[in-house]
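Observations on the three-dimensional arrangement
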Amino acid sequence: MTNIDQHFEAYSSWRQGLFKAITDFRGWLQGQELADVQVDQRMEQILSTLRDDKLYVAFVAEFSRGKSELINAIFFASFGQRVLPSSAGRTTMCPTELQYDKGSAPHIRLLPIETRASGSSVSELRAFGEEWTTIPLDIDSPEKVAQALQHIAEIKKVAKDVAQSMGLHIAEEETQNGMHLTDDGLVEVPKWRHAIINFPHPLLEQGLVILDTPGLNALGTEPELTLSLLPSAHAVLFILAADAGVTKSDIQVWHDYIANPKHGANKGRIAVLNKIDGLWDELKKPEEIEREIRRQMEETARHLGIDLHSVYPVSAQKALLAKVKGDKKLVERSRILDLEDALGQEMIPHKRDIVRDNTEGDMGDLIKAMRLLITQRLRGVHEHLGEIGSLNGKNQDVIDHMMSKVKVDKEAFEKSLMRFQATRSIFSQQTNVLYTHLNLKNVDRLIAETKRDMESSMTTGGLKTCMTNFFRQSQATMDEVAKQANEIKELMEGVYKKFQEDHGLTNVKPKAFSVMKYSRELKRLEDKHMQVLSGMSLLMSEQNTVIRKFFDSAVGKVRAIYAMANRDADNWLKTIMSPMESQVREHQIQLRRRLESIKRIHKASDTLEDRLKELEHVRDGIREQDKALEAQVQSITRLLNFESTEEAGFAGVEQSA
Ligand SMILES: Nc1nc2c(ncn2[C@@H]2O[C@H](COP(=O)(O)OP(=O)(O)OP(=O)(O)O)[C@@H](O)[C@H]2O)c(=O)[nH]1
Ligand SMILES: [Mg+2]
């Protein structure tokens, strides 16, 4: 087991424990008839997010720094040989995702570069199998696997205008970034745009997704990668090579795609100084070599503006060799284990916190609703008990009187119910307004307008204004959404309050709908784009590329933000009504029960004692339920606070370390 495996296992067992606890809770709620359809649906949602939970780790660098070799060394040494192609010069020609879906046989899927011309993004094309070339992988033969994966390195020659129509940047000179020209006047371009490898591997099976990227040349050409895949990765490894030193273009990649200048803290970002074996000069003393490594680490840290301890010196090549040969000394000398440990420590807690926060929020709502329901039931029984108890020794007249009182209560409640139904129609009118703001059609209209304006804009400044406007309007719509959501909340607050006053229902405050998350995401996108643009001095011929990039990435993301807001608003609207509805339903049942009891006593078909006993029995049952609920909640809360697994997980790591 490697260090990564241990971190991952601790995380996986935590996640599985949580999954089991929530599944048990769900079963219990069903058994107790505490869960209605809506509660059950929400539990299912929470569970399914926990189930197909993915963890992304990306490898980014200039070409030939050893990204692919490092992936081989960290994750695929047990395969006994190099899995991903790694060689001098530009090797990986397209972004490559390694993952494992047990549902399909091992294979590699390749998206032809020509699909760039269609204007569809990679994420849009994921769902269209016929666009991809799929090649099965024969896992029993490492040679055949390595051979099949050579496709990632394939290039092809196309005419200049074809390359341009695909939005690829052509380098005029050998030293420039971009696609190279050949002697016959053609352009060498990657054959594939994106690759997805379905590969059986224990970590991949548990939800790890590894992203290998080509050097900067291609990075710059697929904006989806830099603006969507990388920012959402739970860990990004940035690789430098000791033989090349820190070059200008390394620094550029770091600043443009990885470092987060705003927040200073580069959470989940790790810098690797690879190829330290190049410094293992046999004629030098170990201290001298160590000093040289340290000097390079310091230089790296200084150039990247990070802490010295955040730079991990390794030799990917020697690590792979050592692991394959089982050479412990060399594994140690390659320093790969320190890096693996750091990777585990950066990425897994980061991911775990995200999962915890989401689950905690969703479960918190559910638990609150369940507690409320039990409190209400308990109070109902107490009132009922009091009422029956007071009948003791009373004559028929008093009982008659009481019965008519309950009847009056019931009628009053039914009238309120009618009012409640009327509010529902106002509620649905208001929600329609909310949905109109969030309608994707409006976003699409804004997108079309922006595109038109950008295309007719003649200057870099003009483009900037168009982009700023686009983001400003997207933000303004979010503000409208916030206003409308607040109105709905106030409406519901009024309804809740009236019910409480009239019928003594429990005090429930409807939750607010916050758009902060989306606004922040919009702002982040805006900053990112403005930053990219500000670093450019554009020639007219490059403007089209910028527009394309913008539409490929930012616009798709804004659309996705809106889609997410739509879904969340949908959930919110459901939750805002449901506590009220379940309370009303409960109250109705209780009123019916009270009436029934008194009726029976009135008709002398039941004795008072029998009735009291029965109610006490019901009350005790609810108390038991309450206790059981708290026990379940406690075990879930403990898991969410990492209490039990934290101990188990880290003890495990320490023992074997
Ligand atoms: N000496 C030495 N060479 C290494 C090491 N890691 C990688 N290399 C070599 O460096 C070259 C580039 O490695 P790759 O893994 O292809 O680099 P990459 O970053 O994936 O490059 P692209 O795919 O072109 O972006 C290959 O010839 C590797 O054998 C190392 O630790 N030491
Ligand atoms: Mg590579």
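Cut-offs and rules
Residues numbered from 1 in each chain as written. Chains lettered and ligands numbered in written order. Predicted model: local features only at pLDDT ≥ 70, side-chain atom pairs only at ≥ 80, totals over all residues. Heavy atoms only, no water. Helix = DSSP H or I, 4+ residues; strand = E, 2+ residues; numbered from the N terminus. Contact = heavy atoms within 4.5 Å. Areas by Shrake-Rupley, 256 points an atom, 1.4 Å probe, with all protein chains shown as cover. Lys, Arg positive; Asp, Glu negative; His and termini not counted. Charge placed at Lys NZ, Arg CZ, Asp CG, Glu CD. Donors = N, O, S within 2.8 Å, 3.2 Å for Na, K, Ca; no water. Buried < 20%, exposed > 50% of the residue type's maximum accessible area, 1.4 Å probe, protein only. Phe/Tyr/Trp six-rings, centres within 6.5 Å; stacked < 30°, edge-to-face > 60°. Lys NZ or Arg CZ within 6 Å of the ring centre and 35° of its normal. Core = buried A, V, L, I, M, F, W, Y, C linked by side-chain atoms within 4.5 Å. Near = heavy atom within 4 Å. Polar contact = N/O pair within 3.5 Å; in protein donor to acceptor, adjacent residues only side chain to side chain. Nonpolar A, V, L, I, M, F, W, Y, C, P; charged D, E, K, R; others polar. Arc of directions from axis to C-beta. Pairing = 2+ DSSP bridges. Axes fitted to C-alpha atoms, helices over the stretch in contact; angles between N-to-C directions. Salt bridge = Lys/Arg side-chain N within 4 Å of Asp/Glu carboxyl O. Expected span 1.5 Å × (residues − 1). Parallel < 35°, antiparallel > 145°, perpendicular 65-115°, else oblique. Left-handed = near helix turned anticlockwise from the far one by under 90°. Patch = residues over 30% accessible without salt bridge, like charges linked within 9 Å, V, L, I, M, F, W, Y side chains within 5 Å.

1. Here we look at the overall build of the protein chain
Looking only at helices and strands, the protein chain features 21 helices and eleven strands. A principal-axis box enclosing the C-alpha atoms of the protein chain has dimensions of 110 × 65 × 45 Å. Look at the contacts in the protein chain between residues 6 or more apart in sequence, and 82% of them connect residues 24 or more apart. Entry remark: accessible area of the protein chain is about 31,900 Å², with carbon and sulfur atoms responsible for 51%. Within the protein chain, the 97 negative side-chain charges are centred at a point lying 4 Å from the centre of the 88 positive side-chain charges.

2. Let's talk about the coordination of the magnesium ion (ligand 2)
Looking at the metal site, the magnesium ion (ligand 2) is ligated by Ser 68 (OG) and Thr 92 (OG1), spaced 2.0 to 2.1 Å from it. Of the two residues, Ser 68 is situated in helix H3 (residues 67-75) and Thr 92 in the loop between H3 and strand S2 (96-99); the sequence distance between them amounts to 24 residues. The burial state of Ser 68 is the same as that of Thr 92; both residues are buried.

3. Section: the packing of aromatic side chains
In this structure the tally under the stated criterion is ten aromatic pairs. With a centroid separation of 5.3 Å and 50° between ring planes, the pair formed by Phe 238 and Trp 254 is classed as tilted. Residue Phe 238 is found in strand S9 (residues 235-241), and its partner Trp 254 is found in helix H10 (residues 248-258); the two are separated by 16 residues along the sequence. It is Arg 90 that lies over the ring of Phe 63; its NZ or CZ is 5.4 Å from the centre. The ring of Trp 132 has Arg 109 lying over it, and the distance from NZ or CZ to the ring centre is 4.5 Å.

4. As for the nonpolar core
Within the largest apolar cluster, 123 residues are counted, with the highest numbers of intra-cluster contacts made by Phe 59, Leu 70, Phe 75, Leu 208, Ile 210 and Leu 237. The element contributing the most residues to this core is helix H14 (residues 336-389), with 16 residues. Every residue in contact with Phe 75, bar those within four places of it in the chain, is listed here: Ile 4, Phe 59, His 201, Leu 203, Leu 208, Ile 210 and Leu 343. If you look at the next biggest cluster of nonpolar residues, it comprises 49 residues, including Leu 372, Met 454, Phe 513 and Tyr 518.

5. Overview of the site of ligand 1
The environment of ligand 1 is made up of 22 residues, and the closest members are Ser 64, Lys 67, Thr 91, Thr 92 and Asp 277. Lys 67 has a polar backbone atom sitting 2.8 Å from an oxygen atom of ligand 1. At a separation of 3.2 Å, an oxygen atom of ligand 1 approaches a polar backbone atom of Ser 87. Listing elements by their share of the shell around ligand 1, those giving two or more residues are H3 and helix H12 (316-325). Of the residues that constitute the shell around ligand 1, the class distribution is four nonpolar, twelve polar and six charged.

6. Digging into helix H5 (residues 142-149)
Of all the positions in H5, only Val 145, Ala 146, Ala 148 and Leu 149 are classed as buried. In a view along the axis of H5, the buried residues occupy a sector of 160°, so they form one face of it. Away from the buried face of H5 by more than 90 degrees, exposed residues Glu 143 and Gln 147 are located. Tucked into the core, H5 has its buried residues touching strand S3 (107-112) and strand S7 (192-198).

7. Considering the sheet that holds strand S4 (residues 133-136)
An order of S4-S3-S7-S2-S8-S1-S9-S10-S11 is seen for the nine strands of this open sheet, with the pairing classed as mixed. Strands at the two margins of the open sheet, each flanked by one partner only, are S4 and strand S11 (311-313). The sheet shows a mean angle of 20° between the axes of neighbouring strands, direction not considered. Across the face of the sheet, H10 comes into contact with strand S1 (55-60), S9 and strand S10 (269-274) while running at roughly 170° to S9.

8. A look at the pattern of salt bridges
Where charged atoms of side chains with opposite charge meet at close range, the side chains can pair. Considering all chains together, one arrives at 38 salt bridges under this definition. Salt-bridge contacts for Asp 40 lead to Arg 26; the nearest nitrogen and oxygen are separated by 3.1 Å. Residue Asp 40 is located in helix H2 (residues 37-51), and its partner Arg 26 is located in helix H1 (residues 3-31); the two are separated by 14 residues in the primary sequence. Judged by relative accessible area, Arg 26 falls into the buried class, the value being 18%. Of the charged contacts, one joins Arg 295 and Glu 299 as a salt bridge, the two residues approaching to 3.3 Å between their closest N and O atoms. Taken together, the positions of Arg 295 and Glu 299, both in helix H11 (residues 286-304) and four residues apart, correspond to about one turn of that helix. Note on Arg 295: relative accessible area 41%, which makes it partly exposed.

9. Notes on helix H20 (residues 608-640)
When the terminal C-alpha atoms of H20 are compared, their 48 Å separation across 33 residues agrees well with the 48 Å that a helix rising 1.5 Å per residue should span. Every buried residue of H20 is listed here: Leu 608, Arg 611, Leu 615, Arg 619, Ile 622, Gln 625, Leu 629, Gln 632, Val 633, Ile 636, Leu 639 and Leu 640. Following H20 by one or two positions, Phe 642 adopts a phi angle in the positive range, close to 60°.

10. What to know about the packing of H3 against H12
The contact between H3 and H12 brings their axes to 8 Å, and the two run at 30°. Comparing their axes, H12 and H3 come out roughly parallel. Every pair of crossing elements has a handedness; the one defined by H3 and H12 is left-handed. Residues Glu 69, Leu 70, Asn 72, Ala 73 and Ile 74 of H3 form the contact with H12, whose participating residues are Ala 316, Gln 317, Ala 319, Leu 320 and Lys 323. Its residues assigned to classes, the contact of H3 with H12 shows six nonpolar, two polar and two charged.

11. Structural notes on a negative patch on the surface
The grouping of Asp 281, Glu 282, Glu 287 and Glu 288 at the surface amounts to a negative patch. Among the structural elements, Glu 282 can be located in the loop between S10 and H11.

12. Re unusual backbone geometry
Positive phi outside glycine occurs at Glu 33, with the angle close to 55°. One can find Glu 33 in the loop between H1 and H2. Residue classification places Glu 33 among the exposed positions, given a relative accessible area of 65%. If you check the backbone angles, Ser 64 has positive phi at about 65° while not being a glycine. As for its position among the elements, Ser 64 is in the loop between S1 and H3. The exposure class of Ser 64 is partly exposed, given its relative accessible area of 25%.

13. Looking at the pairing of S1
When you tally the buried positions in S1, you get five out of six residues, the bulk of the element. Two elements, S1 and strand S8 (residues 208-212), share five bridges in a ladder whose sense is parallel. If you follow Phe 59 over to S8, its bridge partner there is Asp 212. Two elements, S1 and S9, share four bridges in a ladder whose sense is parallel. Residue pairing in the sheet places Val 60 in a bridge with Phe 238 of S9.

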